[in-house]
Amino acid sequence: MRRSSTDKRHFVIVTVLVLIGTVLMFWLLDSALPMPIQASTQAVTVDQVFQWVLMAIAFLFSLVVVFMLYAVFVFRRRKDETGEGEHFEGNTTLEIVWTVLPLLLVVLFGYIGIVSLADITRAQENEVVVNVEGFQWGWTFTYPEGFISPELVLPVDRPARMEMTSKDVNHNFWIVEMRVKQDVLPGQTTTLRFTPTIAGDYKLRCAELCGLSHWSMLADVRVVPQDEYDAWMAEQTAGLGDAVAEAAGE
């Protein structure tokens, strides 16, 4: 094969190698970064965006590395070569392409991000509203019925809205399987929405370094069928009524 840098066969070969490298790198990244189960409707959207980002990373990595390695091996100086390398001028078309394409890619991902964020934060009907308070180093959950719970219990397949604030320093509400994460700040209320789709036991974690025992700032999260949630709610409100009656008797 001719070693001229203007030979179009080189670009065909590099294009094929970049495509192969993109597929292999995407597979490697996807295999090395396994995702937890998708336990909410929002998780599907978030994971799709994550897959697109991995694909872009795989393509850009392959684009740079393949061109670099191909040039090193194909256009390297041989032992019997003593002259200077081939002289060539800049390529205006190529410079325009590698300026415009990244710009379009940034705009595309910006659009995807805006649409995805609007989708996962959209208000829905029949939401379960829970007031969440973070503190060093734990969580409390206050339900509209008036009782406080140390665990977060939600019905499956029903939208949930967390109204959150912090008692002391910055915290962060994070349930990995739901793919939701939101800052919890002192002096203001932040909102987080998600719809659990798989019944089970999960963990709420603080994802903001908040002090000495940050590592232990956990809370149990239970997603249960609607009838089990109703039974739990009735039990909690009955206990609240008993406590009010006892206080009144005193």
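Each value, and the rule that gives it
Residues numbered from 1 in each chain as written. Predicted model: local features only at pLDDT ≥ 70, side-chain atom pairs only at ≥ 80, totals over all residues. Heavy atoms only, no water. Helix = DSSP H or I, 4+ residues; strand = E, 2+ residues; numbered from the N terminus. Buried < 20%, exposed > 50% of the residue type's maximum accessible area, 1.4 Å probe, protein only. Expected span 1.5 Å × (residues − 1). Contact = heavy atoms within 4.5 Å. Patch = residues over 30% accessible without salt bridge, like charges linked within 9 Å, V, L, I, M, F, W, Y side chains within 5 Å. Areas by Shrake-Rupley, 256 points an atom, 1.4 Å probe, with all protein chains shown as cover. Salt bridge = Lys/Arg side-chain N within 4 Å of Asp/Glu carboxyl O.

### Let's talk about unusual backbone geometry
Looking along the chain, the bond that leaves glutamine 136 and enters tryptophan 137 is cis, with omega of 0°. When you line up the elements, tryptophan 137 lands in the loop between β1 (128-135) and β2 (138-142). Residue aspartate 157 is not a glycine yet carries a positive backbone phi of 60°. Checked against the element boundaries, aspartate 157 lands in the loop between β4 (152-155) and β5 (160-166). According to the relative accessible area criterion, aspartate 157 is exposed, its value standing at 53%. With a phi close to 60°, arginine 179 is a non-glycine residue in the positive phi region.

### Observations regarding helix α3 (residues 92-121)
Helix length check: α3, at 30 residues, gives a terminal C-alpha distance of 44 Å against a target of 44 Å (1.5 Å per residue), a fit within 8%. Within the sequence span of α3, burial applies to Ile112, Ser116 and Ile120. On its buried face, α3 sits against α2 (41-74) and β8 (190-194).

### Structural notes on a nonpolar patch on the surface
A cluster of nonpolar side chains, namely Phe11, Phe59, Leu60, Leu63, Val64 and Phe67, defines an oily patch on the protein surface of about 520 Å² accessible area. Ranked by residues supplied to the nonpolar patch, first place goes to α2 with 5 residues. Its place among the elements puts phenylalanine 11 in helix α1 (residues 8-32).

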